[in-house]
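# Descriptive analysis of the structure
Here is what each chain is made of, one letter per residue.
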Amino acid sequence: MALELKLYDTLTREKRVFVPLDRNNVRMYVCGPTVYDFAHIGNARPVIVFDVLFRLLRHIYGEAHVKYVRNITDVDDKINARAAERGVSIRDLTEQTYQNFKDDVGALGCLPPTVEPRATEHIEQMKVLIDRLVASGHAYVAEDNVLFNVPSMVDYGRLSKRPMDEMIAGARVEVAPYKKDAQDFVLWKPSKPGEPSWASPAGIKTPGRPGWHIECSAMAWKHLGETFDIHGGGIDLVFPHHENEIAQSRCSFNTDVMANYWLHNGFLQVEGEKMSKSLGNFFTIHDLLADWPGEVLRFNMLRTQYRQPIDWTVKGLEESWKTLDDWYWIAGDATGGAVSGQVMDALGDDLNTPQAITVLHGLRNRAQGGDDKARADLAASLRLLGFLNETAAQWAARRQTGADVDAAKVQGLIDARTAARKAKDFKESDRIRDELAAMGVVLKDSKDGTTWEIAR
Ligand code: AMP
Ligand code: ZN
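One structure accompanies this document, and this report is about it. Residue numbering note: each chain is counted from 1, following its sequence as written. Following the order in which they are written, the chains are lettered starting with A and the ligands numbered starting with 1. Local features in a predicted model are, by the rule used here, given only for residues with pLDDT of at least 70; side-chain atom pairs are given and counted only at 80 or more, and totals for whole chains, interfaces and linings are based on all residues. Side-chain numbers come from the whole structure's heavy atoms, not from hydrogens or water.

## Some details on the sheet that holds strand β5 (residues 139–142)
With respect to topology, four strands assemble into an open sheet ordered β5-β6-β7-β8, the strand pairing being antiparallel. Every other strand in the sheet has two partners, leaving β5 and β8 (208–210) as the edge strands with one partner each. The mean angle between the axes of side-by-side strands here comes to 25°, regardless of whether they run parallel or antiparallel. Two strands make a pair as long as DSSP finds a minimum of two bridges between them. Only runs of H or I of at least four residues qualify as helices and only runs of E of at least two qualify as strands under DSSP, and these elements are numbered from the N terminus. The sheet contact formed by strand β6 (residues 145–148) and strand β7 (residues 185–190) spans three bridges and is antiparallel. Residue pairing across strands places Leu-147 opposite Val-186, the latter belonging to β7. Its contacts with the sheet put helix α7 (residues 238–253) on β6 and β7, and the angle it makes with β7 is roughly 85°. Here an axis means a line fitted to C-alpha atoms, over the contact stretch when the element is a helix, while the angle between two N-to-C directions is reported on a 0 to 180 degree scale. Whether two residues touch is decided by their heavy atoms; if any such pair falls within 4.5 Å, the residues are in contact.

In C-alpha coordinates, the structure reads:
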(Lines give C-alpha, C1' and ligand atoms only; values in the text may rest on other atoms or scores of the structure.)
(Ligands and ions follow the chains in the order given, each with its own letter.)
Protein backbone atom coordinates (compact mmCIF):
# COMPACT_ATOMS: atom_id res chain seq x y z
CA MET A 1 0.00 0.00 0.00
CA ALA A 2 1.52 3.24 -1.15
CA LEU A 3 -0.26 5.52 1.26
CA GLU A 4 1.92 7.60 3.48
CA LEU A 5 0.38 8.14 6.88
CA LYS A 6 1.70 11.06 8.88
CA LEU A 7 0.79 11.53 12.52
CA TYR A 8 1.50 14.41 14.86
CA ASP A 9 3.54 13.06 17.75
CA THR A 10 3.23 15.02 20.99
CA LEU A 11 6.59 13.68 22.20
CA THR A 12 8.65 15.09 19.30
CA ARG A 13 6.18 17.93 18.57
CA GLU A 14 6.14 17.15 14.86
CA LYS A 15 4.19 15.35 12.18
CA ARG A 16 6.07 12.17 11.41
CA VAL A 17 5.63 9.43 8.83
CA PHE A 18 4.09 6.44 10.56
CA VAL A 19 6.35 3.39 10.42
CA PRO A 20 5.06 0.49 12.53
CA LEU A 21 7.45 -1.71 14.49
CA ASP A 22 5.91 -4.72 12.74
CA ARG A 23 3.50 -4.16 9.84
CA ASN A 24 1.91 -7.54 10.57
CA ASN A 25 1.12 -6.46 14.12
CA VAL A 26 0.39 -2.74 14.37
CA ARG A 27 -0.33 -1.90 18.02
CA MET A 28 -2.31 0.99 19.54
CA TYR A 29 -3.30 1.74 23.14
CA VAL A 30 -5.89 4.36 24.11
CA CYS A 31 -6.86 5.28 27.67
CA GLY A 32 -10.47 4.27 28.17
CA PRO A 33 -13.27 5.34 30.51
CA THR A 34 -13.43 5.26 34.27
CA VAL A 35 -16.75 3.50 34.63
CA TYR A 36 -18.83 5.27 37.28
CA ASP A 37 -21.39 7.23 35.22
CA PHE A 38 -22.64 7.79 31.67
CA ALA A 39 -19.90 9.07 29.35
CA HIS A 40 -20.31 12.68 28.21
CA ILE A 41 -19.95 13.97 24.68
CA GLY A 42 -16.37 15.14 25.43
CA ASN A 43 -15.45 11.55 26.31
CA ALA A 44 -16.89 10.52 22.93
CA ARG A 45 -14.22 12.52 21.12
CA PRO A 46 -11.21 10.24 21.75
CA VAL A 47 -13.43 7.20 21.18
CA ILE A 48 -14.50 8.43 17.73
CA VAL A 49 -11.11 9.87 16.72
CA PHE A 50 -9.18 6.71 17.56
CA ASP A 51 -11.89 4.58 15.96
CA VAL A 52 -11.20 6.45 12.71
CA LEU A 53 -7.48 5.79 13.13
CA PHE A 54 -8.17 2.11 13.92
CA ARG A 55 -10.27 1.82 10.75
CA LEU A 56 -7.59 3.58 8.69
CA LEU A 57 -4.84 1.32 10.03
CA ARG A 58 -6.97 -1.76 9.29
CA HIS A 59 -7.53 -0.47 5.78
CA ILE A 60 -3.80 0.05 5.23
CA TYR A 61 -2.32 -2.98 7.01
CA GLY A 62 -5.24 -5.44 6.92
CA GLU A 63 -7.84 -6.16 9.58
CA ALA A 64 -5.93 -9.07 11.07
CA HIS A 65 -2.78 -6.99 11.50
CA VAL A 66 -3.95 -4.22 13.81
CA LYS A 67 -4.40 -4.61 17.55
CA TYR A 68 -6.28 -1.85 19.36
CA VAL A 69 -6.40 -1.93 23.16
CA ARG A 70 -8.69 0.43 25.08
CA ASN A 71 -8.82 -0.20 28.80
CA ILE A 72 -11.64 0.03 31.31
CA THR A 73 -10.70 1.66 34.60
CA ASP A 74 -12.88 -0.18 37.09
CA VAL A 75 -11.04 0.70 40.29
CA ASP A 76 -11.03 4.35 41.31
CA ASP A 77 -12.07 6.70 44.13
CA LYS A 78 -14.96 8.08 42.07
CA ILE A 79 -16.29 4.56 41.57
CA ASN A 80 -16.13 3.79 45.30
CA ALA A 81 -17.89 7.05 46.16
CA ARG A 82 -20.65 6.59 43.58
CA ALA A 83 -21.34 2.97 44.56
CA ALA A 84 -21.62 3.98 48.23
CA GLU A 85 -23.91 6.90 47.33
CA ARG A 86 -26.25 4.64 45.35
CA GLY A 87 -26.03 1.71 47.74
CA VAL A 88 -24.97 -0.68 44.98
CA SER A 89 -21.94 -2.95 44.79
CA ILE A 90 -18.84 -1.67 43.01
CA ARG A 91 -19.05 -4.57 40.59
CA ASP A 92 -22.70 -3.84 39.70
CA LEU A 93 -21.91 -0.16 39.17
CA THR A 94 -18.88 -0.78 36.96
CA GLU A 95 -20.55 -3.52 34.90
CA GLN A 96 -23.71 -1.50 34.29
CA THR A 97 -21.71 1.61 33.41
CA TYR A 98 -19.53 -0.38 31.04
CA GLN A 99 -22.62 -1.82 29.30
CA ASN A 100 -24.01 1.70 28.89
CA PHE A 101 -20.68 2.88 27.48
CA LYS A 102 -20.57 -0.02 25.02
CA ASP A 103 -24.12 0.72 23.83
CA ASP A 104 -23.40 4.45 23.49
CA VAL A 105 -20.18 4.17 21.51
CA GLY A 106 -21.65 1.37 19.38
CA ALA A 107 -24.45 3.78 18.41
CA LEU A 108 -21.73 6.28 17.42
CA GLY A 109 -20.51 3.78 14.83
CA CYS A 110 -17.36 2.79 16.71
CA LEU A 111 -15.94 -0.71 16.29
CA PRO A 112 -15.16 -2.63 19.46
CA PRO A 113 -11.41 -2.49 20.14
CA THR A 114 -9.50 -5.74 19.76
CA VAL A 115 -9.11 -6.00 23.55
CA GLU A 116 -10.89 -4.09 26.34
CA PRO A 117 -8.91 -5.04 29.43
CA ARG A 118 -10.26 -4.30 32.89
CA ALA A 119 -7.83 -2.86 35.41
CA THR A 120 -9.02 -5.21 38.17
CA GLU A 121 -8.05 -8.19 36.03
CA HIS A 122 -4.45 -6.98 35.72
CA ILE A 123 -3.44 -6.48 39.34
CA GLU A 124 -0.77 -9.19 39.08
CA GLN A 125 0.96 -7.42 36.17
CA MET A 126 0.84 -4.13 38.08
CA LYS A 127 2.51 -5.79 41.06
CA VAL A 128 5.24 -7.25 38.86
CA LEU A 129 6.03 -3.77 37.50
CA ILE A 130 5.96 -2.23 40.98
CA ASP A 131 8.35 -4.87 42.34
CA ARG A 132 10.71 -4.28 39.44
CA LEU A 133 10.66 -0.53 39.99
CA VAL A 134 11.42 -0.96 43.70
CA ALA A 135 14.21 -3.44 42.93
CA SER A 136 15.85 -1.09 40.45
CA GLY A 137 15.68 1.93 42.77
CA HIS A 138 13.00 3.80 40.81
CA ALA A 139 10.36 3.33 43.50
CA TYR A 140 10.24 3.11 47.29
CA VAL A 141 7.85 2.13 50.07
CA ALA A 142 6.61 4.78 52.49
CA GLU A 143 3.81 4.26 55.01
CA ASP A 144 2.39 1.33 53.03
CA ASN A 145 2.39 3.35 49.81
CA VAL A 146 4.71 2.64 46.93
CA LEU A 147 5.91 5.82 45.23
CA PHE A 148 7.74 6.35 41.98
CA ASN A 149 10.81 8.47 42.62
CA VAL A 150 10.79 11.03 39.82
CA PRO A 151 14.44 12.26 40.20
CA SER A 152 15.54 8.63 39.62
CA MET A 153 14.65 9.03 35.94
CA VAL A 154 17.03 11.44 34.25
CA ASP A 155 14.78 12.36 31.34
CA TYR A 156 11.43 12.48 33.15
CA GLY A 157 9.12 15.12 31.68
CA ARG A 158 9.95 14.88 27.97
CA LEU A 159 6.36 14.37 26.86
CA SER A 160 4.78 17.34 28.60
CA LYS A 161 7.94 19.52 28.53
CA ARG A 162 6.50 21.42 31.42
CA PRO A 163 8.95 23.61 33.28
CA MET A 164 10.13 21.80 36.40
CA ASP A 165 8.62 24.35 38.80
CA GLU A 166 5.20 23.88 37.20
CA MET A 167 5.41 20.12 37.56
CA ILE A 168 6.36 20.48 41.18
CA ALA A 169 3.46 22.85 41.76
CA GLY A 170 1.13 20.36 40.02
CA ALA A 171 2.43 17.48 42.08
CA ARG A 172 2.07 19.46 45.31
CA VAL A 173 -1.70 19.25 45.06
CA GLU A 174 -1.43 15.90 46.77
CA VAL A 175 1.76 16.49 48.72
CA ALA A 176 2.36 13.96 51.46
CA PRO A 177 5.05 14.22 54.13
CA TYR A 178 6.44 10.79 53.34
CA LYS A 179 7.35 11.70 49.74
CA LYS A 180 11.08 11.95 49.06
CA ASP A 181 10.40 14.46 46.29
CA ALA A 182 7.32 16.60 45.74
CA GLN A 183 6.92 15.18 42.21
CA ASP A 184 6.90 11.53 43.30
CA PHE A 185 3.65 9.81 42.43
CA VAL A 186 1.71 6.86 43.81
CA LEU A 187 2.02 3.38 42.31
CA TRP A 188 0.19 1.59 45.11
CA LYS A 189 -1.69 2.79 48.17
CA PRO A 190 -3.31 1.21 51.20
CA SER A 191 -7.07 0.56 50.99
CA LYS A 192 -9.40 1.97 53.61
CA PRO A 193 -11.91 -0.43 55.17
CA GLY A 194 -14.68 -1.21 52.67
CA GLU A 195 -12.57 -0.22 49.65
CA PRO A 196 -11.50 -2.84 47.11
CA SER A 197 -8.14 -4.30 48.12
CA TRP A 198 -5.56 -6.81 47.04
CA ALA A 199 -2.48 -8.33 48.68
CA SER A 200 0.21 -5.67 48.32
CA PRO A 201 3.53 -5.83 46.44
CA ALA A 202 6.96 -4.75 47.72
CA GLY A 203 6.64 -6.66 51.00
CA ILE A 204 3.84 -4.41 52.33
CA LYS A 205 1.65 -6.27 54.82
CA THR A 206 -1.57 -4.24 54.59
CA PRO A 207 -3.81 -4.84 51.57
CA GLY A 208 -3.95 -2.05 49.04
CA ARG A 209 -4.93 -0.95 45.55
CA PRO A 210 -3.15 0.44 42.51
CA GLY A 211 -2.71 4.07 41.49
CA TRP A 212 -4.31 5.06 38.19
CA HIS A 213 -1.12 5.46 36.10
CA ILE A 214 0.28 1.98 36.77
CA GLU A 215 -2.93 0.40 35.47
CA CYS A 216 -2.27 1.55 31.92
CA SER A 217 1.42 0.59 31.99
CA ALA A 218 0.45 -2.93 33.08
CA MET A 219 -2.40 -3.41 30.59
CA ALA A 220 -0.39 -2.00 27.68
CA TRP A 221 2.48 -4.36 28.58
CA LYS A 222 0.26 -7.42 28.88
CA HIS A 223 -1.54 -6.86 25.57
CA LEU A 224 0.96 -4.94 23.42
CA GLY A 225 4.41 -5.65 24.82
CA GLU A 226 7.15 -3.46 26.29
CA THR A 227 7.21 -1.07 23.32
CA PHE A 228 4.42 -0.49 20.82
CA ASP A 229 3.39 1.90 18.05
CA ILE A 230 0.71 4.40 19.09
CA HIS A 231 -0.55 5.65 22.44
CA GLY A 232 -3.56 7.96 22.47
CA GLY A 233 -5.93 9.93 24.68
CA GLY A 234 -7.25 13.41 25.34
CA ILE A 235 -4.82 16.34 25.64
CA ASP A 236 -5.57 16.59 29.37
CA LEU A 237 -3.87 13.22 29.86
CA VAL A 238 -0.42 14.39 28.71
CA PHE A 239 0.45 15.43 32.26
CA PRO A 240 0.57 13.72 34.64
CA HIS A 241 -1.03 10.50 33.34
CA HIS A 242 0.95 9.81 30.18
CA GLU A 243 4.16 11.30 31.52
CA ASN A 244 3.90 8.86 34.41
CA GLU A 245 2.96 5.89 32.23
CA ILE A 246 6.16 6.55 30.27
CA ALA A 247 8.23 6.77 33.45
CA GLN A 248 6.84 3.50 34.83
CA SER A 249 7.11 1.50 31.61
CA ARG A 250 10.50 2.73 30.48
CA CYS A 251 12.05 2.25 33.91
CA SER A 252 10.48 -1.22 34.29
CA PHE A 253 11.75 -2.47 30.96
CA ASN A 254 14.85 -0.34 30.57
CA THR A 255 13.65 0.92 27.19
CA ASP A 256 14.07 4.25 25.39
CA VAL A 257 10.42 4.58 24.45
CA MET A 258 7.08 3.26 25.60
CA ALA A 259 5.23 4.08 22.37
CA ASN A 260 6.63 5.55 19.15
CA TYR A 261 3.77 8.00 18.49
CA TRP A 262 1.83 9.88 21.16
CA LEU A 263 -1.48 11.24 19.86
CA HIS A 264 -3.76 13.61 21.75
CA ASN A 265 -7.18 14.94 20.81
CA GLY A 266 -8.20 18.50 21.59
CA PHE A 267 -11.05 19.40 23.90
CA LEU A 268 -14.72 19.85 23.19
CA GLN A 269 -16.72 22.78 24.48
CA VAL A 270 -20.45 23.41 24.14
CA GLU A 271 -21.89 26.53 22.48
CA GLY A 272 -18.64 28.39 23.19
CA GLU A 273 -18.38 27.45 26.85
CA LYS A 274 -16.60 24.82 28.88
CA MET A 275 -19.03 21.96 29.42
CA SER A 276 -20.00 21.71 33.07
CA LYS A 277 -22.90 20.53 35.16
CA SER A 278 -23.12 23.89 36.92
CA LEU A 279 -23.55 25.76 33.62
CA GLY A 280 -26.31 23.37 32.58
CA ASN A 281 -24.57 22.57 29.30
CA PHE A 282 -23.42 19.07 30.21
CA PHE A 283 -24.53 16.36 27.79
CA THR A 284 -24.07 12.65 28.01
CA ILE A 285 -23.84 10.61 24.81
CA HIS A 286 -26.96 8.85 26.03
CA ASP A 287 -28.91 12.15 26.28
CA LEU A 288 -27.87 13.25 22.81
CA LEU A 289 -28.77 9.90 21.26
CA ALA A 290 -32.38 10.52 22.29
CA ASP A 291 -32.49 13.50 19.89
CA TRP A 292 -29.91 12.79 17.21
CA PRO A 293 -28.88 9.70 15.24
CA GLY A 294 -25.48 8.37 16.36
CA GLU A 295 -24.03 8.99 12.89
CA VAL A 296 -24.97 12.67 13.15
CA LEU A 297 -23.00 12.95 16.40
CA ARG A 298 -20.10 11.13 14.77
CA PHE A 299 -20.16 13.33 11.67
CA ASN A 300 -20.34 16.47 13.75
CA MET A 301 -17.26 15.34 15.65
CA LEU A 302 -15.28 14.64 12.47
CA ARG A 303 -15.97 18.03 10.90
CA THR A 304 -13.13 19.33 13.07
CA GLN A 305 -9.56 17.99 12.86
CA TYR A 306 -8.91 15.96 16.01
CA ARG A 307 -6.21 18.19 17.49
CA GLN A 308 -8.28 21.38 17.23
CA PRO A 309 -10.77 22.39 19.90
CA ILE A 310 -14.39 21.67 18.93
CA ASP A 311 -17.27 23.99 19.61
CA TRP A 312 -20.26 21.62 19.87
CA THR A 313 -23.45 23.44 18.81
CA VAL A 314 -27.04 22.58 17.93
CA LYS A 315 -26.55 24.50 14.68
CA GLY A 316 -23.61 22.26 13.80
CA LEU A 317 -25.67 19.16 14.59
CA GLU A 318 -28.51 20.33 12.37
CA GLU A 319 -26.08 20.96 9.50
CA SER A 320 -24.51 17.54 10.05
CA TRP A 321 -27.91 15.85 9.90
CA LYS A 322 -28.81 17.64 6.66
CA THR A 323 -25.53 16.61 5.04
CA LEU A 324 -26.03 12.97 6.02
CA ASP A 325 -29.65 13.06 4.76
CA ASP A 326 -28.32 14.20 1.42
CA TRP A 327 -25.49 11.65 1.27
CA TYR A 328 -27.74 8.77 2.30
CA TRP A 329 -30.20 9.86 -0.37
CA ILE A 330 -27.52 9.98 -3.05
CA ALA A 331 -25.28 7.08 -2.06
CA GLY A 332 -26.77 5.26 0.94
CA ASP A 333 -27.26 1.99 -0.93
CA ALA A 334 -24.41 2.23 -3.45
CA THR A 335 -21.97 -0.66 -3.53
CA GLY A 336 -18.87 -1.70 -5.41
CA GLY A 337 -16.90 1.52 -4.97
CA ALA A 338 -13.39 2.07 -3.68
CA VAL A 339 -12.20 4.49 -1.03
CA SER A 340 -11.27 7.70 -2.81
CA GLY A 341 -7.53 8.33 -3.10
CA GLN A 342 -8.07 11.95 -2.12
CA VAL A 343 -9.91 10.87 1.02
CA MET A 344 -6.98 8.63 1.87
CA ASP A 345 -4.55 11.52 1.26
CA ALA A 346 -6.55 13.72 3.62
CA LEU A 347 -6.70 11.08 6.33
CA GLY A 348 -3.02 10.29 5.80
CA ASP A 349 -2.24 13.89 6.69
CA ASP A 350 -2.67 13.52 10.46
CA LEU A 351 -6.33 12.46 10.10
CA ASN A 352 -7.50 15.59 8.34
CA THR A 353 -11.19 14.66 8.45
CA PRO A 354 -12.50 18.14 7.47
CA GLN A 355 -10.42 17.89 4.29
CA ALA A 356 -11.78 14.36 3.70
CA ILE A 357 -15.32 15.76 4.06
CA THR A 358 -14.56 18.44 1.46
CA VAL A 359 -13.53 15.66 -0.94
CA LEU A 360 -16.78 13.81 -0.14
CA HIS A 361 -18.82 16.90 -1.02
CA GLY A 362 -17.07 16.92 -4.41
CA LEU A 363 -17.88 13.24 -4.98
CA ARG A 364 -21.49 13.94 -4.03
CA ASN A 365 -21.77 16.67 -6.64
CA ARG A 366 -20.33 14.39 -9.31
CA ALA A 367 -22.69 11.61 -8.24
CA GLN A 368 -25.65 13.93 -8.61
CA GLY A 369 -24.44 14.78 -12.08
CA GLY A 370 -24.80 11.09 -12.96
CA ASP A 371 -21.28 9.82 -12.22
CA ASP A 372 -21.95 6.34 -10.82
CA LYS A 373 -18.34 5.70 -9.93
CA ALA A 374 -18.32 8.86 -7.81
CA ARG A 375 -21.51 7.63 -6.14
CA ALA A 376 -20.01 4.24 -5.32
CA ASP A 377 -16.74 5.78 -4.15
CA LEU A 378 -18.64 8.22 -1.94
CA ALA A 379 -20.36 5.25 -0.29
CA ALA A 380 -17.12 3.28 0.13
CA SER A 381 -15.34 6.30 1.61
CA LEU A 382 -18.20 6.97 4.01
CA ARG A 383 -18.16 3.34 5.12
CA LEU A 384 -14.42 3.53 5.79
CA LEU A 385 -15.15 6.47 8.09
CA GLY A 386 -17.82 4.49 9.95
CA PHE A 387 -20.96 5.84 8.23
CA LEU A 388 -23.81 4.26 6.23
CA ASN A 389 -24.55 1.67 8.89
CA GLU A 390 -28.22 1.84 7.81
CA THR A 391 -29.90 1.51 4.44
CA ALA A 392 -31.10 4.68 2.72
CA ALA A 393 -34.69 3.64 3.48
CA GLN A 394 -33.98 3.11 7.18
CA TRP A 395 -32.29 6.48 7.36
CA ALA A 396 -35.15 8.27 5.60
CA ALA A 397 -37.77 6.55 7.77
CA ARG A 398 -36.01 7.87 10.85
CA ARG A 399 -36.42 11.40 9.55
CA GLN A 400 -40.08 10.83 8.72
CA THR A 401 -40.92 9.51 12.12
CA GLY A 402 -38.64 11.77 14.12
CA ALA A 403 -35.92 10.26 16.27
CA ASP A 404 -38.13 9.33 19.19
CA VAL A 405 -41.65 8.87 17.80
CA ASP A 406 -42.84 5.29 17.63
CA ALA A 407 -44.34 4.86 14.15
CA ALA A 408 -46.39 1.80 15.12
CA LYS A 409 -47.94 3.70 18.01
CA VAL A 410 -48.79 6.64 15.73
CA GLN A 411 -50.46 4.33 13.23
CA GLY A 412 -52.46 2.67 16.02
CA LEU A 413 -53.73 6.06 17.19
CA ILE A 414 -54.62 7.09 13.63
CA ASP A 415 -56.60 3.87 13.17
CA ALA A 416 -58.43 4.48 16.46
CA ARG A 417 -59.21 8.04 15.35
CA THR A 418 -60.54 6.84 11.98
CA ALA A 419 -62.77 4.34 13.79
CA ALA A 420 -64.02 7.07 16.16
CA ARG A 421 -64.83 9.34 13.21
CA LYS A 422 -66.73 6.55 11.50
CA ALA A 423 -68.73 6.06 14.68
CA LYS A 424 -69.27 9.86 14.74
CA ASP A 425 -67.54 10.06 18.12
CA PHE A 426 -65.91 13.43 17.35
CA LYS A 427 -65.02 14.09 20.93
CA GLU A 428 -62.83 10.99 20.95
CA SER A 429 -61.37 11.67 17.48
CA ASP A 430 -60.40 15.21 18.54
CA ARG A 431 -58.86 13.87 21.73
CA ILE A 432 -56.70 11.50 19.69
CA ARG A 433 -55.69 14.29 17.33
CA ASP A 434 -54.56 16.33 20.35
CA GLU A 435 -52.66 13.39 21.79
CA LEU A 436 -50.81 13.02 18.49
CA ALA A 437 -50.16 16.75 18.31
CA ALA A 438 -48.56 16.55 21.75
CA MET A 439 -46.18 13.95 20.31
CA GLY A 440 -45.28 16.40 17.54
CA VAL A 441 -47.29 14.49 14.92
CA VAL A 442 -49.28 16.50 12.37
CA LEU A 443 -52.14 14.74 10.57
CA LYS A 444 -53.18 15.33 6.98
CA ASP A 445 -56.63 14.06 6.06
CA SER A 446 -57.51 13.53 2.42
CA LYS A 447 -60.05 11.48 0.53
CA ASP A 448 -57.46 8.67 0.35
CA GLY A 449 -57.02 8.48 4.10
CA THR A 450 -54.83 10.04 6.74
CA THR A 451 -51.09 10.58 6.46
CA TRP A 452 -48.81 12.14 9.06
CA GLU A 453 -45.56 13.91 9.54
CA ILE A 454 -43.45 15.35 12.31
CA ALA A 455 -43.83 19.07 12.93
CA ARG A 456 -40.40 20.70 12.65
P1 AMP B 1 -12.07 10.92 31.90
O2 AMP B 1 -13.26 10.04 32.14
O3 AMP B 1 -12.23 12.32 32.39
O4 AMP B 1 -10.78 10.28 32.34
O5 AMP B 1 -11.94 11.09 30.33
C6 AMP B 1 -11.91 10.00 29.42
C7 AMP B 1 -11.36 10.49 28.11
O8 AMP B 1 -12.14 11.57 27.59
C9 AMP B 1 -9.94 11.03 28.19
O10 AMP B 1 -9.22 10.63 27.03
C11 AMP B 1 -10.14 12.53 28.23
O12 AMP B 1 -9.01 13.20 27.74
C13 AMP B 1 -11.31 12.70 27.31
N14 AMP B 1 -12.08 13.93 27.56
C15 AMP B 1 -12.67 14.29 28.72
N16 AMP B 1 -13.33 15.49 28.58
C17 AMP B 1 -13.15 15.86 27.29
C18 AMP B 1 -13.59 17.00 26.51
N19 AMP B 1 -14.36 17.96 27.02
N20 AMP B 1 -13.21 17.05 25.21
C21 AMP B 1 -12.46 16.07 24.66
N22 AMP B 1 -12.01 14.99 25.32
C23 AMP B 1 -12.35 14.87 26.63
ZN1 ZN C 1 -3.91 5.55 30.57
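Okay, back to it.
## A look at the sheet that holds strand β10 (residues 259–265)
Spatial strand order, β4-β3-β9-β10: four strands in an open sheet with parallel pairing. Because the sheet does not close on itself, it has two edges, and the strands there are β4 (66–70) and β10. Along the sheet, successive strands turn relative to each other by an average axial angle of 20°, direction set aside. Direction of pairing for strand β3 (residues 26–30) relative to strand β9 (residues 228–234): parallel, over a ladder of three bridges.

## Regarding the coordination of the zinc ion (ligand 2)
Every protein donor of the zinc ion (ligand 2) is listed here as Cys-31 (SG), Cys-216 (SG), His-241 (NE2) and Glu-245 (OE), and their distances to the metal cover 2.0 to 2.4 Å. Angles of 78 to 131° at the metal separate the four donor atoms of the zinc ion (ligand 2), which places the site in the irregular class. Any N, O or S atom lying within 2.8 Å of the metal counts as a donor, and for Na, K and Ca the limit rises to 3.2 Å; water is left out, so some sites can look incomplete. Mapped onto the polypeptide sequence, the residues donating to the zinc ion (ligand 2) form the spacing pattern C-x184-C-x24-H-x3-E. Of the two residues, Cys-216 sits in helix α6 (residues 212–224) while His-241 sits in helix α7, which places them 25 residues apart along the sequence. Each member of the pair, Cys-216 as well as His-241, carries the same accessibility label: buried. Metal sites are grouped by the angles between bound donors: all angles between 85 and 135 degrees with four donors is tetrahedral, opposite donors over 155 degrees apart with the others between 65 and 115 is square planar for four donors and octahedral for six, and any other pattern is irregular. Exposure is judged per residue with a 1.4 Å probe applied to protein chains only, and the accessible area is read against the type maximum: over 50% gives exposed, under 20% gives buried, and values in between give partly exposed.

## Examining the state of the cysteines
Disulfides are defined as pairs of cysteine sulfur atoms found within 2.5 Å of each other. Within the structure shown, the criterion is met by zero disulfides. Among the cysteines around Cys-251, which has no disulfide bond, Cys-216 carries the closest sulfur, lying 17 Å off. The exposure class assigned to Cys-251 is buried, which follows from its relative accessible area of 12%.

## Topic: the nonpolar core
Among the nonpolar cores identified, the biggest contains 73 residues, and Leu-5, Phe-18, Leu-53, Leu-57, Ile-230 and Trp-312 are the most heavily contacted of them. Of the residues forming this core, the biggest block, 13 residues, is contributed by helix α1 (residues 41–61). Only buried residues count toward a nonpolar core. Its members are Ala, Val, Leu, Ile, Met, Phe, Trp, Tyr and Cys residues joined through side-chain atoms within 4.5 Å. In terms of nonpolar packing, the next biggest core, distinct from the first, is built from 40 residues, Leu-11, Tyr-29, Cys-31 and Val-146 among them.

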